[in-house]
Amino acid sequence: MRNAEVAALLYSISELLELKGENTFKVRAYARAARAIEGMLEDIEEVAARGGLKEIPGVGESIARKIEEYLATGKVGYYEELLKQVPAELHELMKIPGIGHKTALVLNQKLGVRTIDELERAAKQHRIRRLPGFGAKKEENILKAIERYRQRSTRIPLGTALPLARRIVEVLKSSDVIDRIEPAGSLRRRKETVGDIDILATSKDAKAAIEAFVHLPVVKNVLGKGTTKATIVTRDAIQIDLRILEDKSFGTSLQYFTGSKEHNIKLRDIARMKGFKLSEYDIEEVGTGRKIYCMTDDEVYIRLGLLPIPPEIREDTGEIEAALSGKLPELVELKDLKGDFHVHTDWSEGTNSLEEMVEAAKKLGYEYIAITDHSKSLGVAHGLSEERLLEQIDRIHRLNDKLSDFHIFTGTEVDIRADASIDFPDSILRQCDAVVAALHVGQKQTRREITGRLITAMENEHVDIIAHPTGRIIGEREGYDVDMDALLDTAARTGTVLEINAYPSRLDLNDTNSRKAKSKGVKLTVDTDAHSTEQLGLMEFGMNVARRGWLEKNDLVNTRSARDVRFKG
Ligand SMILES: [Zn+2]
Ligand SMILES: [Zn+2]
């Protein structure tokens, strides 16, 4: 899958255009296309092959041609030309989030820095704060951004890793030299980012299995190749290990390689207390030396006298104790979901029509969706004016009359403005079933201001849901500075639902905050924020977070039937 590669290229083009001072519309178009491709589940090469590139949000004729050129030749002439036009010494500096063209230029001209290492040194020597218009705060921010940038380059978002792992598993499975095969590690625990991908398999012909693996089309380099293990690096610079195991050890090995490390340490202690020695190969009865082999990793837990623990919560945060005392949560599942409360259409910046989104939601087996296009102040997203929203509501009412077994809730993703006011008056909000409020502007305000804005919004009797409550973008920016306890307490007090945004680069709230929300009695909803029919399928990524947050069916409001859905006002 080359989606990440293509997205990176489009991001670079967008940055170079910005650097050149090209019009913002063009700059944004490339960034938007890059973001869409990053979040796409389908392989970009397959999309191109069926002539579907222009269905991707942000991709028009000209971007589509460049993607095709890249897929065919590995190069894009336009990009090479752009690269020649901008001073090379700024390229690297601009990779740091928050350092744009102008800042890079000043840093380069006044301090002579051209690499990230040099920039870091200058910041640590406090040479940046002395530049006009910079100051200590900005210098600190640059250091933080460098740190984040370095972390980003080593962690892979689950949204990239999971589809890739599945594809590899699928291909290897079809190659008749593999019997059982399963990805393990943090990917199996569905962490929001993973360091690399570990795949376990069994085979009657280990050598042939290893050969099949190192010759997969995604492979760029083979880092190591033995008789039962190989390590490769893909063209997207993702490291993948394949281990061929003995059939009888599969269950204990899968348990061992799924982790987490902390979970395994505690589990081995429990085993010891019960008179067993647990290893990746087997469970050994101390004293008799009798060896117990397990077919599955669930069996490992059962043999040790525990309830089987779902991989998503194997983090040593109380799950082993819960499994010992029979109190494990019954984690919510994708099939429990009945709808999606955060969906965009082409009325604002989505790609598909209202009707198409409804059709796609029906295909997923849902009972309902809420249409929540942006409100007017969000100009970049073609936010709806009051008149347009009322027109949309009218259209939805007429559509509902024709639908059986499916309901469209009217709604809006209304902006919480920088002064804490809501972008639509109550008279308009009252006419929406679902009011999803979100903070898109003024994200750099102080903790007090941000928290105050969110509390004000939640206290509004019409605001039902807070979307992406912390505003973080994985690998790009941390969330805004918000007092999480105050946010959760207010949500509980006002009955406002908090969203787990399923978009793979958001996953916001995250797992720990979701679990905390549950403990305070806050209800949550997992929504896709889909901007196209395809993105309705991203729900799985939000559900991973819900499960990692120990959520059960009753904790999510979108597990309710349409007739049991209640909004605030
Ligand atoms: Zn939003
Ligand atoms: Zn949205």
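Everything numeric in this text was worked out from a predicted model, so none of it was measured. (Residues numbered from 1 in each chain as written. Chains lettered and ligands numbered in written order. Predicted model: local features only at pLDDT ≥ 70, side-chain atom pairs only at ≥ 80, totals over all residues. Heavy atoms only, no water.)

Student: Quick one: what's the story with the sheet that holds strand β8 (residues 276-278), residue by residue and with numbers?
Tutor: Across the sheet, three strands lie side by side as β8-β9-β10; this open sheet has antiparallel pairing. In this open sheet, the two edge strands, each paired with only one partner strand, are β8 and β10 (291-292). Strand direction decides the pairing type here: β8 and strand β9 (residues 283-285), joined by three bridges, are antiparallel. By the bridge assignment for β9, Phe 276 is matched with Glu 285. (Pairing = 2+ DSSP bridges. Helix = DSSP H or I, 4+ residues; strand = E, 2+ residues; numbered from the N terminus.)

Student: Explain the domain arrangement of the protein chain to me, and be specific about the residues and the numbers.
Tutor: Think of interface size as the accessible area that goes away when the parts come together; that is how it is often given. For the protein chain, the assigned domains read domain 1 (3-152), domain 2 (156-245), domain 3 (250-324) and domain 4 (334-564). A straight line from the C-alpha centre of domain 3 to that of domain 4 covers 39 Å. For the pairing of domain 3 and domain 4, the buried interface totals around 560 Å² over both sides, and the portion due to carbon and sulfur atoms is 49%. In this structure, the connection of domain 3 to domain 4 is made through two salt bridges. Linking domain 3 with domain 4 are four residue pairs in polar contact (both at pLDDT 80 or more), by the criterion used here. (Domains from an automatic or database assignment. Buried area = accessible area lost by both parts, 1.4 Å probe. Salt bridge = Lys/Arg side-chain N within 4 Å of Asp/Glu carboxyl O. Polar contact = N/O pair within 3.5 Å; in protein donor to acceptor, adjacent residues only side chain to side chain.)

Student: Describe unusual backbone geometry, with residues and values.
Tutor: Cis rather than trans, the peptide bond between Gly 259 and Ser 260 has omega equal to 0°. Mapped onto the elements of the fold, Ser 260 is located in the loop between α13 (250-258) and α14 (261-273). Unusually for a residue other than glycine, Asp 176 sits at a positive phi of about 35°. Residue Asp 176 is classed as exposed on the basis of its relative accessible area of 71%. For Trp 550, which is not glycine, the phi dihedral falls at a positive 65°. Here Trp 550 lies in the segment after α23 (539-548). (Buried < 20%, exposed > 50% of the residue type's maximum accessible area, 1.4 Å probe, protein only.)

Student: Break down the coordination of the zinc ion (ligand 2) for me, with residues and values.
Tutor: Around the zinc ion (ligand 2), the protein contributes the donor atoms His 342 (NE2), His 344 (NE2), Glu 413 (OE) and Asp 529 (OD), at 2.1 to 2.2 Å from the metal centre. In the primary sequence, the donor residues of the zinc ion (ligand 2) line up as H-x1-H-x68-E-x115-D. Separating the zinc ion (ligand 2) and the zinc ion (ligand 1) is a distance of 3.5 Å, and Glu 413 donates to both of them. Of this pair, His 342 sits in strand β11 (residues 339-343) while Asp 529 is found in the loop between β18 (524-527) and α23, placing the two residues 187 residues apart along the sequence. Each member of the pair, His 342 as well as Asp 529, carries the same accessibility label: buried. (Donors = N, O, S within 2.8 Å, 3.2 Å for Na, K, Ca; no water.)

Student: Let's hear about the nonpolar core: which residues, and what values?
Tutor: Within the largest apolar cluster, 93 residues are counted, with the highest numbers of intra-cluster contacts made by Phe 213, Ile 240, Ile 369, Leu 454, Leu 498 and Leu 556. It is helix α10 (residues 158-173) that contributes the most residues to this core, eight residues altogether. Composition of this core by domain shows at least three residues from each of domain 2 (156-245) and domain 4 (334-564). Residues contacting Leu 556, with those up to four places away along its chain left out, are Val 332, Leu 337, Leu 524, Thr 525, Val 526, Met 543, Ala 546 and Leu 551. Counting 50 residues, the second largest nonpolar core, distinct from the first, contains Leu 10, Tyr 30, Leu 90 and Ile 99. (Core = buried A, V, L, I, M, F, W, Y, C linked by side-chain atoms within 4.5 Å. Contact = heavy atoms within 4.5 Å.)

Student: Quick rundown of the coordination of the zinc ion (ligand 1)? Include the residues and the values.
Tutor: At 2.0 to 2.3 Å from the zinc ion (ligand 1) lie its protein donor atoms, namely Glu 413 (OE), His 440 (NE2) and His 468 (NE2). Given the relative accessible area of 1%, His 468 is considered buried.

Student: Requested: an account of helix α7 (residues 101-111), with residues and values cited.
Tutor: Every buried residue belonging to α7 is among Thr 103, Ala 104, Leu 107, Asn 108 and Leu 111, and all of these are buried. Down the axis of α7, the sector holding all buried residues measures 125°, keeping them to one side. Residues of α7 that are exposed and point more than 90 degrees away from the buried face comprise Lys 102, Gln 109 and Lys 110. Taken together, the buried residues of α7 touch α6 (88-91) and α8 (116-124). One or two steps after α7, the chain reaches Gly 112, where phi turns positive at roughly 70°. (Arc of directions from axis to C-beta.)

Student: Summarise the pairing of strand β4 (residues 197-202); cite the residues concerned and give the values.
Tutor: Each regular strand shows side chains that alternate between the opposite faces of the sheet. By the criterion of burial, β4 is predominantly enclosed, with six of the six residues buried. Neither face of β4 is open: one carries Ile 197, Ile 199 and Ala 201, the other Asp 198, Leu 200 and Thr 202, and all of them are buried. Pairing of β4 with strand β7 (residues 239-245), which is carried by six bridges, proceeds in the parallel orientation. In the strand pairing of β7, Asp 198 is matched with Asp 241.

Student: Give me the lowdown on empty space enclosed by the protein, citing residues and values where you can.
Tutor: Throughout the structure, instances matching the rule amount to three cavities of 30 Å³ or more. By volume, the largest cavity is sized at about 90 Å³. In this structure, the largest cavity is lined by Met 1, Asn 3, Ala 4, Glu 38, Met 40, Gly 159, Thr 160, Leu 164 and Asp 236. Listed by contribution, the elements that provide at least two residues to the lining of the largest cavity are α1 (3-19) and α10. Element by element, the count of residues in the lining of the largest cavity is highest for α10, at three residues. For the lining of the largest cavity, the class distribution of residues is four nonpolar, three polar and two charged. Each of domain 1 (3-152) and domain 2 (156-245) contributes no fewer than three residues to the lining of the largest cavity. Roughly 50 Å³ of volume is contained in the second largest cavity. If you trace the second largest cavity, you find it lined by Leu 158, Arg 190, Lys 191, Glu 192, Leu 507, Asp 511, Phe 541, Asn 544, Val 545 and Arg 548. When residues of the lining of the second largest cavity are assigned to their parent elements, the largest contribution, four residues, is made by α23. (1 Å grid on protein atoms, 1.4 Å probe; cavity = no way out; pocket = protein on both sides within 12 Å on 5 of 7 lines; lining within 4 Å. Points joined across faces, edges and corners; volume = space filled by probe spheres on them. Nonpolar A, V, L, I, M, F, W, Y, C, P; charged D, E, K, R; others polar.)

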